[in-house]
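Residue strings, one per chain:
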Amino acid sequence: MKNKLSMASKKRLEGYGFIMPGFLYILLILGYPLVYNVILSFKDTNVKNFAKGTSTFIGVENYVKLFQDPTFQLVLKNTIVFTLACLVVQFTVGFLFAIFFSQKFTLSGPIRGLILVGYMMPMSVTAMIGKNIFGVSEGVINDLLLKIGFIHEPIEWLVNGGTALIAVIAVNCWVGIPFNMLLLTSGLTGISEDVYESASLDGANKVQRFFYITLPLMKSSILAVLMLGFIYTFKAFDLMFIMTSGGPLNATDVLGTYAYTLSFTKYEFSQGSAAAIVLFCCLFVVGLFYLRLISKEDD
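All values reported here derive from a predicted model rather than from experimental measurement.

S.K.: So, a nonpolar patch on the surface: which residues are in play, and what are the values?
M.R.: Together, Met20, Phe23, Leu24, Tyr25, Ile26, Leu27, Leu28, Ile29 and Leu30 give the surface a local cluster of nonpolar side chains, amounting to about 930 Å² of exposed area. Residue placement: methionine 20 occurs in helix 1 (residues 2-41). By relative accessible area, methionine 20 is classed as partly exposed at 37%.

Structural data, given as C-alpha cells:
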C-alpha cells in the first residue's frame, strides 16, 4: 500500500514538474503586470512622481474621474458600437460564406483559401492596407466611387469623424469574416447528412431544415464564434492605432487606444491603468458568461 501511495505521489510530483514552467511563465508575464496594474489604478501616479516613488493611495478616485470624463464616455460608446457592428457583419457574412463553401463545386477550395488571406496577414499590415484603401488622394475607395460617378470629390474617410469609425469597422470586418467562416464551416461539416436526408423525407424544406436542424446543432459553434469575436474585437488596439491613432477628435478611440494614450502620451499612469482595468473587467465578465453557458450545455 505504501509503495502504491509513493508511486502515486511520485507521478503527481512529476505532473507538477511538467506544468510548473508554464505556470511560472503565466504568473510572471501575465499575473505580475495585472496585479501591478490594479495597484497602480488606485494611486495618483503620473510623470511628476513616478521616478520619485512618492505616489499615494487615493482609492477609487481614478475610476470616478474616469467615468465622469466626457472623453471616456465617448471612448466607451465607440468601443461598444465598434464591437457590435463588427460582430453583426462578421458573423452574418461569415455564416453565409460558410454555408456557400460547404457546398461542393469547382474551385471552392482555392476561393476559400483566397478569402482566408485577409485573416492570415498581420494586423499591422492590414491596417496599413486599410489606410491606403481609405486614403483621400490615392485611395482605392475614392478612386472607384469617382469613376462610377457616385461622388464628385474625394471623401476624407479617415479625417472626418463621421466616416472614420465606419472605415475602421470595414477593415476589421475584412479580417474577421474569414475567421468566422473558418470556425462556422467546421461546425457545418460536423452535421451528418443523414439528418438532412431524414428531414427531407419527412417533408421539411430548406428553410425549415436550416432553422430546425442547422442552427440548433451549431449552437455551440455559434456561441464560441460570437464570444471569441467579442473578445478579439473589444480589445482592439493596433488597427485604430495605425489607421487613425484614435482620431479625429477621439472618433475612433476605443478602450485599448485610450488607455495607451493616457499612460504613454499624457503620462497619467494611474488613469491609464484604470482604463485598462475597465477593459479587463468587461472581458472578464464576458468570459465568465461564456464559461457559464458552456457548463450549462455540458450538463
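Picking up where we left off.
S.K.: Quick rundown of the side chain of glutamine 90? Include the residues and the values.
M.R.: Mapped onto the elements, glutamine 90 comes out in helix 3 (residues 70-101). On the basis of relative accessible area, glutamine 90 is assigned to the buried category, the value being 4%. Beyond its immediate chain neighbours, meaning those up to four positions away, glutamine 90 contacts Asn172, Cys173, Gly176, Ile177, Asn180 and Thr233.

S.K.: So, helix 3: which residues are in play, and what are the values?
M.R.: The end-to-end C-alpha distance of helix 3 is 46 Å, a good match for the 46 Å that 32 residues give at a rise of 1.5 Å each. Two to three positions downstream of the cap, the backbone nitrogen of threonine 71 sits 3.2 Å from a side-chain oxygen, assigning the N-cap of helix 3 to aspartate 69.

S.K.: Can you tell me about the environment of glycine 139, naming the residues and giving the values?
M.R.: Checked against the element boundaries, glycine 139 lands in the loop between helix 6 (123-133) and helix 7 (140-147). Residue glycine 139 is classed as buried on the basis of its relative accessible area of 1%. Each C-alpha atom, one on glycine 139 and one on tryptophan 157, is 9.5 Å from the other, the two residues being 18 residues apart in sequence. Residues in contact with glycine 139, not counting those within four places in the same chain, are Asn132 and Ile133.

Reading guide: rules and limits
Residues numbered from 1 in each chain as written. Predicted model: local features only at pLDDT ≥ 70, side-chain atom pairs only at ≥ 80, totals over all residues. Heavy atoms only, no water. Patch = residues over 30% accessible without salt bridge, like charges linked within 9 Å, V, L, I, M, F, W, Y side chains within 5 Å. Areas by Shrake-Rupley, 256 points an atom, 1.4 Å probe, with all protein chains shown as cover. Salt bridge = Lys/Arg side-chain N within 4 Å of Asp/Glu carboxyl O. Helix = DSSP H or I, 4+ residues; strand = E, 2+ residues; numbered from the N terminus. Buried < 20%, exposed > 50% of the residue type's maximum accessible area, 1.4 Å probe, protein only. Contact = heavy atoms within 4.5 Å. Expected span 1.5 Å × (residues − 1). Polar contact = N/O pair within 3.5 Å; in protein donor to acceptor, adjacent residues only side chain to side chain.

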